[in-house]
Amino acid sequence: MKIKLFLFFSLFLQLSWGQSILGKWKTIDDISGKEKGIVEIFEYKNKIYGRIVDIFEADKKHLKCEKCEGEDKNKPILGMNIIKGMKKKEDVYEGGKIVDPKNGKSYHCKITPEGKDKLIVRGYIGITLFGRSQTWIRHK
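Caption draft 1: Fine view of unusual backbone geometry. Even without a glycine there, the phi angle at N74 is positive, about 65°. Of note, N74 is situated in the loop between β3 (47-55) and β4 (81-89). Judged by relative accessible area, which is 41%, N74 ranks as partly exposed. Even without glycine at this site, E90 takes up a positive phi of about 60°. Its place among the elements puts E90 in the loop between β4 and β5 (92-100). For E90, a relative accessible area of 70% translates into the label exposed.

Caption draft 2: Molecular detail of the environment of K97. When you line up the elements, K97 lands in strand β5. Along the backbone, K97 and G123 are 26 residues apart, and their C-alpha atoms lie at a distance of 7.9 Å. Those residues in contact with K97 that sit more than four places away from it in its chain are I82, I83, K84, M86, S106, Y107, H108 and C109.

Caption draft 3: A look at the pairing of strand β1 (residues 23-28). In this sheet, strand β2 (residues 35-44) lies alongside β1 in antiparallel orientation, the contact comprising six bridges. Of the residues in β2, the one forming a bridge with K26 is I38. Counted along the chain from β1 to the antiparallel partner β2, the turn is six residues long, and its residue G33 has a positive phi close to 80°. With three bridges joining them, β1 and strand β8 (residues 131-138) adopt antiparallel strand pairing. Note on β8: the bridge partner recorded for T27 is W136.

Caption draft 4: A look at the nonpolar core. Among the nonpolar cores identified, the biggest contains 23 residues, and I41, I111, L119 and W136 are the most heavily contacted of them. Elements that contribute at least two residues to this core include exactly β2, β3, β4, β5, β6 (105-113) and β7 (118-124). In contact with I41, other than residues within four places in its own chain, are I21, L22, G23, W25, I48, Y49, G50, L119 and W136.

Cut-offs used in this document
- Residues numbered from 1 in each chain as written.
- Predicted model: local features only at pLDDT ≥ 70, side-chain atom pairs only at ≥ 80, totals over all residues.
- Heavy atoms only, no water.
- Helix = DSSP H or I, 4+ residues; strand = E, 2+ residues; numbered from the N terminus.
- Buried < 20%, exposed > 50% of the residue type's maximum accessible area, 1.4 Å probe, protein only.
- Contact = heavy atoms within 4.5 Å.
- Pairing = 2+ DSSP bridges.
- Core = buried A, V, L, I, M, F, W, Y, C linked by side-chain atoms within 4.5 Å.

Note that all results are geometric; they support no functional claim without further evidence.
Following this line, the structure appears as structure tokens:
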């Protein structure tokens, strides 16, 4: 009886908390529509981060973030944390930053899950109206 109660309670918690964004996600360029790489989203000290774990274009795997500022300056893009300090607020994740390794700029970030296998990742300046969104698909 205790096992059935535990399983029911576990299932209830999973359904009430919604789908987790943790895991590996295939990034899709919002301009070209091409698959660019894989970002692994993980939790560290109750905040959400995302690190580039694969780049699909072989000639770009060795690149460094020359235009980045601060601690990311001249670090390899492969392995870089590009999502930093996100927190869940209701059904979205926000309050953190996302770095665009192409131009080295940092933006406010909002991540909205759409089902269990799709994320809308928006980088913006000031308010969400001034930004760009990418669709990321869960990597299997």
